[in-house]
Amino acid sequence: MTVGGWRAAHVVEVVEATPSARILRLSVAGWPGSDAGQHIDIRLTAEDGYQAERSYSLGSYGPGESIELAVDEIPEGEVSPYLVRDVLPGDELEVKGPLGGYFVWRSGGAQPVQLIAGGSGIVPLVAIARAATDAGAAASVRLLYSVRAPENAIYRDEIQRLANDGGVAATWAYTRRGPAGWAGSVGRVDDDALRSAVWPAEDDPTFFVCGPTGFVEHVADALVRLGHSPARILTERFGGA
Ligand SMILES: Cc1cc2nc3c(=O)[nH]c(=O)nc-3n(C[C@H](O)[C@H](O)[C@H](O)COP(=O)(O)OP(=O)(O)OC[C@H]3O[C@@H](n4cnc5c(N)ncnc54)[C@H](O)[C@@H]3O)c2cc1C
(Lines give C-alpha, C1' and ligand atoms only; values in the text may rest on other atoms or scores of the structure.)
Protein backbone atom coordinates (compact mmCIF):
# COMPACT_ATOMS: atom_id res chain seq x y z
CA MET A 1 0.00 0.00 0.00
CA THR A 2 1.26 3.51 -0.69
CA VAL A 3 0.40 6.54 1.42
CA GLY A 4 1.47 9.82 -0.15
CA GLY A 5 3.73 7.86 -2.48
CA TRP A 6 5.51 6.10 0.41
CA ARG A 7 5.72 2.31 0.35
CA ALA A 8 6.85 -0.16 2.99
CA ALA A 9 10.21 -1.71 2.12
CA HIS A 10 11.42 -4.85 3.89
CA VAL A 11 15.13 -5.32 4.38
CA VAL A 12 15.97 -8.73 2.94
CA GLU A 13 19.76 -8.73 3.01
CA VAL A 14 22.64 -6.55 4.16
CA VAL A 15 26.14 -7.08 2.79
CA GLU A 16 29.38 -5.43 3.94
CA ALA A 17 30.75 -3.70 0.85
CA THR A 18 33.64 -1.72 2.36
CA PRO A 19 34.67 -0.83 5.94
CA SER A 20 32.18 2.07 5.76
CA ALA A 21 29.52 0.95 3.25
CA ARG A 22 26.83 -1.68 3.00
CA ILE A 23 24.69 -2.98 0.18
CA LEU A 24 21.03 -3.24 1.22
CA ARG A 25 18.60 -5.46 -0.66
CA LEU A 26 14.98 -4.52 -0.09
CA SER A 27 11.67 -6.02 -1.09
CA VAL A 28 8.96 -3.48 -1.93
CA ALA A 29 5.44 -4.76 -2.56
CA GLY A 30 3.94 -3.06 -5.61
CA TRP A 31 7.29 -1.60 -6.72
CA PRO A 32 6.78 -0.39 -10.33
CA GLY A 33 10.37 -1.06 -11.48
CA SER A 34 12.97 1.53 -12.40
CA ASP A 35 15.27 2.74 -15.15
CA ALA A 36 19.04 2.48 -14.69
CA GLY A 37 20.31 5.59 -12.89
CA GLN A 38 17.18 6.45 -10.89
CA HIS A 39 17.01 6.91 -7.13
CA ILE A 40 14.56 6.65 -4.25
CA ASP A 41 13.86 8.62 -1.12
CA ILE A 42 14.04 6.81 2.20
CA ARG A 43 12.07 8.02 5.21
CA LEU A 44 12.91 7.02 8.75
CA THR A 45 10.55 7.68 11.63
CA ALA A 46 11.78 7.72 15.23
CA GLU A 47 9.64 6.55 18.15
CA ASP A 48 8.85 10.17 19.03
CA GLY A 49 7.57 10.80 15.49
CA TYR A 50 10.65 12.69 14.26
CA GLN A 51 11.22 11.94 10.59
CA ALA A 52 14.28 12.18 8.34
CA GLU A 53 14.39 11.70 4.58
CA ARG A 54 17.39 11.14 2.31
CA SER A 55 17.87 10.14 -1.33
CA TYR A 56 19.67 6.94 -2.34
CA SER A 57 20.45 5.75 -5.84
CA LEU A 58 19.40 2.34 -7.04
CA GLY A 59 22.17 -0.09 -7.92
CA SER A 60 19.45 -2.25 -9.43
CA TYR A 61 17.17 -1.49 -12.36
CA GLY A 62 14.29 -3.07 -14.24
CA PRO A 63 11.06 -4.79 -13.19
CA GLY A 64 10.42 -6.84 -10.05
CA GLU A 65 9.90 -6.04 -6.38
CA SER A 66 13.56 -6.35 -5.29
CA ILE A 67 15.71 -3.25 -5.19
CA GLU A 68 19.32 -2.72 -4.20
CA LEU A 69 21.03 0.26 -2.58
CA ALA A 70 24.57 0.88 -1.37
CA VAL A 71 25.05 3.37 1.42
CA ASP A 72 28.38 4.84 2.52
CA GLU A 73 28.52 6.15 6.06
CA ILE A 74 29.06 9.89 6.46
CA PRO A 75 30.60 10.23 9.96
CA GLU A 76 28.30 12.26 12.22
CA GLY A 77 25.54 11.99 9.60
CA GLU A 78 21.94 11.68 10.70
CA VAL A 79 20.73 8.86 8.43
CA SER A 80 23.64 7.03 6.78
CA PRO A 81 25.20 5.63 10.02
CA TYR A 82 21.84 4.06 10.84
CA LEU A 83 21.55 2.46 7.39
CA VAL A 84 25.14 1.23 7.46
CA ARG A 85 25.46 0.13 11.11
CA ASP A 86 22.02 -0.65 12.50
CA VAL A 87 19.58 -1.86 9.84
CA LEU A 88 19.02 -5.64 9.89
CA PRO A 89 17.18 -8.12 7.68
CA GLY A 90 13.51 -8.05 8.66
CA ASP A 91 13.49 -4.32 9.41
CA GLU A 92 11.04 -2.09 7.60
CA LEU A 93 11.79 1.28 5.99
CA GLU A 94 9.65 3.61 3.91
CA VAL A 95 10.64 4.38 0.34
CA LYS A 96 9.31 6.64 -2.38
CA GLY A 97 10.13 6.27 -6.05
CA PRO A 98 11.55 5.58 -8.45
CA LEU A 99 12.63 9.21 -8.80
CA GLY A 100 14.62 11.14 -11.40
CA GLY A 101 14.15 11.07 -15.14
CA TYR A 102 17.28 12.91 -16.21
CA PHE A 103 20.24 10.90 -14.94
CA VAL A 104 18.99 7.78 -16.70
CA TRP A 105 20.39 5.42 -19.31
CA ARG A 106 18.04 3.65 -21.70
CA SER A 107 19.07 1.12 -24.31
CA GLY A 108 18.76 2.11 -27.92
CA GLY A 109 21.54 4.37 -29.11
CA ALA A 110 24.93 3.05 -30.17
CA GLN A 111 26.61 6.15 -28.75
CA PRO A 112 29.55 5.69 -26.34
CA VAL A 113 28.79 6.07 -22.65
CA GLN A 114 31.33 7.34 -20.15
CA LEU A 115 30.63 6.66 -16.49
CA ILE A 116 32.68 8.62 -13.92
CA ALA A 117 32.17 7.94 -10.21
CA GLY A 118 33.64 9.23 -6.99
CA GLY A 119 33.04 7.12 -3.86
CA SER A 120 29.39 6.09 -3.42
CA GLY A 121 28.63 7.80 -6.76
CA ILE A 122 29.30 4.36 -8.24
CA VAL A 123 25.81 3.15 -7.24
CA PRO A 124 23.68 4.47 -10.15
CA LEU A 125 26.59 3.89 -12.52
CA VAL A 126 26.65 0.19 -11.62
CA ALA A 127 22.93 0.09 -12.47
CA ILE A 128 23.75 1.67 -15.86
CA ALA A 129 26.68 -0.71 -16.48
CA ARG A 130 24.46 -3.67 -15.57
CA ALA A 131 21.68 -2.46 -17.87
CA ALA A 132 24.08 -1.83 -20.76
CA THR A 133 25.67 -5.26 -20.27
CA ASP A 134 22.25 -6.95 -20.23
CA ALA A 135 21.34 -5.04 -23.42
CA GLY A 136 24.53 -6.21 -25.15
CA ALA A 137 25.89 -2.66 -25.20
CA ALA A 138 28.74 -3.05 -22.68
CA ALA A 139 31.42 -2.45 -25.29
CA SER A 140 30.20 1.14 -25.63
CA VAL A 141 30.63 1.73 -21.86
CA ARG A 142 33.73 2.96 -20.09
CA LEU A 143 33.93 3.51 -16.34
CA LEU A 144 36.36 5.66 -14.39
CA TYR A 145 36.03 5.05 -10.64
CA SER A 146 37.86 7.24 -8.13
CA VAL A 147 38.19 5.92 -4.57
CA ARG A 148 40.42 6.75 -1.62
CA ALA A 149 42.08 3.31 -1.57
CA PRO A 150 41.28 -0.15 -2.97
CA GLU A 151 39.34 -1.25 0.12
CA ASN A 152 36.98 1.74 -0.27
CA ALA A 153 35.62 0.58 -3.64
CA ILE A 154 31.95 -0.33 -3.40
CA TYR A 155 30.98 -3.00 -5.97
CA ARG A 156 34.63 -3.93 -6.64
CA ASP A 157 33.75 -7.56 -7.53
CA GLU A 158 30.74 -6.54 -9.60
CA ILE A 159 32.86 -4.10 -11.61
CA GLN A 160 35.38 -6.87 -12.22
CA ARG A 161 32.56 -9.14 -13.40
CA LEU A 162 31.12 -6.47 -15.70
CA ALA A 163 34.60 -5.93 -17.13
CA ASN A 164 35.35 -9.64 -17.60
CA ASP A 165 31.96 -10.90 -18.78
CA GLY A 166 30.42 -7.87 -20.37
CA GLY A 167 33.32 -5.86 -21.69
CA VAL A 168 32.80 -2.66 -19.69
CA ALA A 169 36.22 -0.97 -19.71
CA ALA A 170 37.03 -0.01 -16.11
CA THR A 171 39.80 2.37 -15.03
CA TRP A 172 40.61 2.94 -11.36
CA ALA A 173 41.84 6.13 -9.77
CA TYR A 174 43.09 6.37 -6.16
CA THR A 175 43.16 9.58 -4.21
CA ARG A 176 45.17 8.32 -1.18
CA ARG A 177 46.74 4.92 -1.89
CA GLY A 178 46.76 2.43 -4.77
CA PRO A 179 46.89 -1.38 -4.50
CA ALA A 180 50.23 -3.17 -3.92
CA GLY A 181 52.42 -2.66 -6.97
CA TRP A 182 50.31 0.23 -8.29
CA ALA A 183 52.45 2.12 -10.81
CA GLY A 184 49.88 4.79 -11.64
CA SER A 185 49.60 8.17 -10.01
CA VAL A 186 47.74 8.76 -6.74
CA GLY A 187 45.67 11.88 -6.18
CA ARG A 188 42.65 13.77 -7.34
CA VAL A 189 41.41 12.88 -10.85
CA ASP A 190 43.06 15.49 -13.07
CA ASP A 191 42.95 16.46 -16.74
CA ASP A 192 45.62 13.89 -17.69
CA ALA A 193 43.78 11.06 -15.94
CA LEU A 194 40.54 12.06 -17.67
CA ARG A 195 42.19 12.44 -21.06
CA SER A 196 43.65 8.94 -20.93
CA ALA A 197 40.60 7.16 -19.46
CA VAL A 198 37.54 8.65 -21.17
CA TRP A 199 36.14 8.42 -24.68
CA PRO A 200 37.62 11.16 -26.89
CA ALA A 201 35.45 14.16 -27.76
CA GLU A 202 35.27 13.16 -31.45
CA ASP A 203 33.32 10.03 -30.44
CA ASP A 204 30.69 12.32 -28.87
CA PRO A 205 30.20 10.30 -25.67
CA THR A 206 27.44 10.86 -23.14
CA PHE A 207 28.87 11.33 -19.64
CA PHE A 208 27.25 10.24 -16.39
CA VAL A 209 29.22 11.84 -13.54
CA CYS A 210 28.19 11.04 -9.96
CA GLY A 211 29.57 11.43 -6.47
CA PRO A 212 30.15 14.08 -3.80
CA THR A 213 29.26 17.55 -5.09
CA GLY A 214 32.88 18.78 -5.14
CA PHE A 215 34.02 15.76 -7.16
CA VAL A 216 31.21 16.12 -9.70
CA GLU A 217 31.84 19.83 -10.25
CA HIS A 218 35.59 19.34 -10.54
CA VAL A 219 35.17 16.55 -13.14
CA ALA A 220 32.45 18.33 -15.13
CA ASP A 221 34.58 21.50 -15.36
CA ALA A 222 37.59 19.46 -16.50
CA LEU A 223 35.55 17.64 -19.17
CA VAL A 224 34.40 20.94 -20.64
CA ARG A 225 38.01 22.16 -20.56
CA LEU A 226 38.99 19.02 -22.50
CA GLY A 227 36.51 19.89 -25.25
CA HIS A 228 33.44 17.86 -24.31
CA SER A 229 30.03 19.42 -24.82
CA PRO A 230 28.30 20.49 -21.56
CA ALA A 231 25.04 19.22 -23.07
CA ARG A 232 26.48 15.68 -23.03
CA ILE A 233 27.56 15.80 -19.37
CA LEU A 234 24.83 14.51 -17.06
CA THR A 235 25.58 14.96 -13.36
CA GLU A 236 24.20 13.66 -10.07
CA ARG A 237 25.45 15.42 -6.93
CA PHE A 238 25.30 13.46 -3.68
CA GLY A 239 25.98 16.41 -1.36
CA GLY A 240 28.82 17.55 0.84
CA ALA A 241 31.21 20.43 0.30
C1 LIG B 1 20.00 11.81 -5.84
C2 LIG B 1 20.89 11.38 -4.69
C3 LIG B 1 21.30 10.04 -4.62
C4 LIG B 1 22.13 9.63 -3.58
N5 LIG B 1 22.55 8.32 -3.56
C6 LIG B 1 23.38 7.90 -2.59
C7 LIG B 1 23.87 6.55 -2.59
O8 LIG B 1 23.56 5.75 -3.48
N9 LIG B 1 24.69 6.17 -1.57
C10 LIG B 1 25.06 7.03 -0.58
O11 LIG B 1 25.80 6.61 0.32
N12 LIG B 1 24.61 8.33 -0.56
C13 LIG B 1 23.78 8.77 -1.53
N14 LIG B 1 23.32 10.08 -1.51
C15 LIG B 1 23.64 10.93 -0.34
C16 LIG B 1 22.56 10.72 0.74
O17 LIG B 1 21.32 11.26 0.28
C18 LIG B 1 22.89 11.45 2.04
O19 LIG B 1 23.16 12.80 1.76
C20 LIG B 1 24.10 10.85 2.77
O21 LIG B 1 23.84 9.46 3.08
C22 LIG B 1 24.38 11.62 4.06
O23 LIG B 1 23.23 11.62 4.85
P24 LIG B 1 23.35 11.73 6.43
O25 LIG B 1 21.97 11.94 6.97
O26 LIG B 1 24.14 10.59 6.98
O27 LIG B 1 24.24 13.02 6.64
P28 LIG B 1 23.70 14.57 7.00
O29 LIG B 1 23.27 14.48 8.46
O30 LIG B 1 22.69 14.92 6.01
O31 LIG B 1 24.99 15.36 6.80
C32 LIG B 1 26.09 15.35 7.71
C33 LIG B 1 27.24 16.18 7.14
O34 LIG B 1 27.81 15.49 6.01
C35 LIG B 1 27.75 16.31 4.85
N36 LIG B 1 27.36 15.45 3.72
C37 LIG B 1 26.10 15.08 3.37
N38 LIG B 1 26.12 14.24 2.31
C39 LIG B 1 27.42 14.10 1.98
C40 LIG B 1 28.08 13.36 0.95
N41 LIG B 1 27.42 12.60 0.06
N42 LIG B 1 29.43 13.41 0.91
C43 LIG B 1 30.13 14.17 1.80
N44 LIG B 1 29.55 14.89 2.78
C45 LIG B 1 28.21 14.84 2.88
C46 LIG B 1 26.68 17.35 5.11
O47 LIG B 1 26.96 18.54 4.39
C48 LIG B 1 26.81 17.55 6.61
O49 LIG B 1 27.86 18.45 6.89
C50 LIG B 1 22.52 10.54 -2.56
C51 LIG B 1 22.08 11.87 -2.63
C52 LIG B 1 21.31 12.29 -3.69
C53 LIG B 1 20.85 13.73 -3.74
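The text that follows walks through the structure, step by step, so that each part is easy to find. Computed from a predicted model, the values in this text were never measured in an experiment.

### Regarding the overall build of the protein
Looking only at helices and strands, the protein has five helices and 12 strands in total. A compact globule built from 241 residues would reach a C-alpha radius of gyration of about 18 Å, and the protein, at 18 Å, matches this within 12%. Across its three principal directions, the C-alpha atoms of the protein cover 55 × 40 × 30 Å. Out of the 241 residues in the protein, the part that is buried amounts to 48%. Summarising the internal contacts of the protein: among those between residues at least 6 apart in sequence, 72% fall at separations of at least 24. In the protein, 20 side chains carry a positive charge and 31 a negative one; their mean positions are 4 Å apart.

### Here we look at the nonpolar core
Leu115, Ile122, Leu125, Tyr145, Tyr155, Ile159 and Phe208 are the most contacted members of the largest nonpolar core, which has 34 residues in total. Elements with a contribution of two residues or more to this core: strand 3 (21-28), strand 8 (113-118), helix 2 (122-134), strand 9 (141-147), helix 3 (156-166), strand 10 (169-174) and strand 11 (206-211). The greatest single-element share of this core, amounting to nine residues, is contributed by helix 2. Not counting chain neighbours up to four residues away, the residues in contact with isoleucine 159 comprise Ile122, Val126, Leu143, Tyr145, Ile154, Ala170 and Trp172. Residues Val11, Ile40, Tyr56 and Val71 belong to the second largest nonpolar core, which totals 21 residues.

### Topic: the environment of alanine 132
Counting through the fold element by element, alanine 132 comes out in helix 2. Look at alanine 132 and you get buried, because its relative accessible area is 0%. For the pair formed by alanine 132 and alanine 220, sequence separation is 88 residues and the distance between their alpha carbons is 23 Å. Excluding its chain neighbours within four sequence positions, the residues that come into contact with alanine 132 are Trp105, Ala137, Ala138 and Val141.

### Details of helix 2
Between its terminal C-alpha atoms helix 2 stretches 18 Å, which fits the 18 Å expected from 13 residues at 1.5 Å a residue. Most of helix 2 is tucked away, with 12 of its 13 residues classed as buried. Among the residues making up helix 2, those that are buried are Ile122, Val123, Pro124, Leu125, Val126, Ala127, Ile128, Ala129, Arg130, Ala131, Ala132 and Thr133. On its buried face, helix 2 is in contact with strand 5 (51-57), strand 6 (66-72), strand 8, strand 9, helix 3 and strand 11.

### Some thoughts on the sheet that holds strand 8
In spatial order, the strands read 10-9-8-11-12; together these five strands make up an open sheet with parallel pairing. The two strands at the open ends of the sheet, each matched to only one other strand, are strand 10 and strand 12 (233-237). Here the average twist between neighbouring strands, direction ignored, is 15°. Judged from the five bridges that link them, strand 8 and strand 11 form a sheet pairing that is parallel. In the sheet register, isoleucine 116 faces strand 11, and the bridge partner there is valine 209. Strands strand 9 and strand 10 of the sheet are contacted by helix 3, whose axis makes an angle of about 145° with strand 10. On the sheet, helix 5 (residues 213-225) packs against strand 8, strand 9, strand 11 and strand 12 and is oriented at approximately 155° with respect to strand 11.

### Quick look at the packing of aromatic side chains
For the structure on display, the rule yields three aromatic pairs. Judged by centre distance (5.4 Å) and plane angle (35°), the ring pair of tyrosine 145 and tryptophan 172 falls under tilted. Taken together, the positions of tyrosine 145 in strand 9 and tryptophan 172 in strand 10 put the pair 27 residues apart, joining distant regions of the chain. Taking NZ or CZ as reference, arginine 142 lies 3.7 Å from the ring centre of tryptophan 199, over its face.

### A few points about the site of the ligand
Neighbouring residues of the ligand: 21 residues in total, closest Arg54, Ser55, Tyr56, Val79 and Ser80. Between an oxygen atom of the ligand and a main-chain N or O atom of serine 55, the distance comes to 2.6 Å. A distance of 2.9 Å separates a nitrogen atom of the ligand from a polar backbone atom of alanine 70. Considered on its own, the ligand offers 910 Å² of accessible surface; in the complex 73% of this is hidden by protein. Split into classes, the residues belonging to the shell around the ligand amount to eight nonpolar, eight polar and five charged.

Rules used throughout
- Residues numbered from 1 in each chain as written.
- Predicted model: local features only at pLDDT ≥ 70, side-chain atom pairs only at ≥ 80, totals over all residues.
- Heavy atoms only, no water.
- Helix = DSSP H or I, 4+ residues; strand = E, 2+ residues; numbered from the N terminus.
- Rg over C-alpha atoms; globule rule 2.2 N^0.38 Å.
- Buried < 20%, exposed > 50% of the residue type's maximum accessible area, 1.4 Å probe, protein only.
- Contact = heavy atoms within 4.5 Å.
- Lys, Arg positive; Asp, Glu negative; His and termini not counted.
- Charge placed at Lys NZ, Arg CZ, Asp CG, Glu CD.
- Core = buried A, V, L, I, M, F, W, Y, C linked by side-chain atoms within 4.5 Å.
- Expected span 1.5 Å × (residues − 1).
- Pairing = 2+ DSSP bridges.
- Axes fitted to C-alpha atoms, helices over the stretch in contact; angles between N-to-C directions.
- Phe/Tyr/Trp six-rings, centres within 6.5 Å; stacked < 30°, edge-to-face > 60°.
- Lys NZ or Arg CZ within 6 Å of the ring centre and 35° of its normal.
- Near = heavy atom within 4 Å.
- Polar contact = N/O pair within 3.5 Å; in protein donor to acceptor, adjacent residues only side chain to side chain.
- Areas by Shrake-Rupley, 256 points an atom, 1.4 Å probe, with all protein chains shown as cover.
- Nonpolar A, V, L, I, M, F, W, Y, C, P; charged D, E, K, R; others polar.

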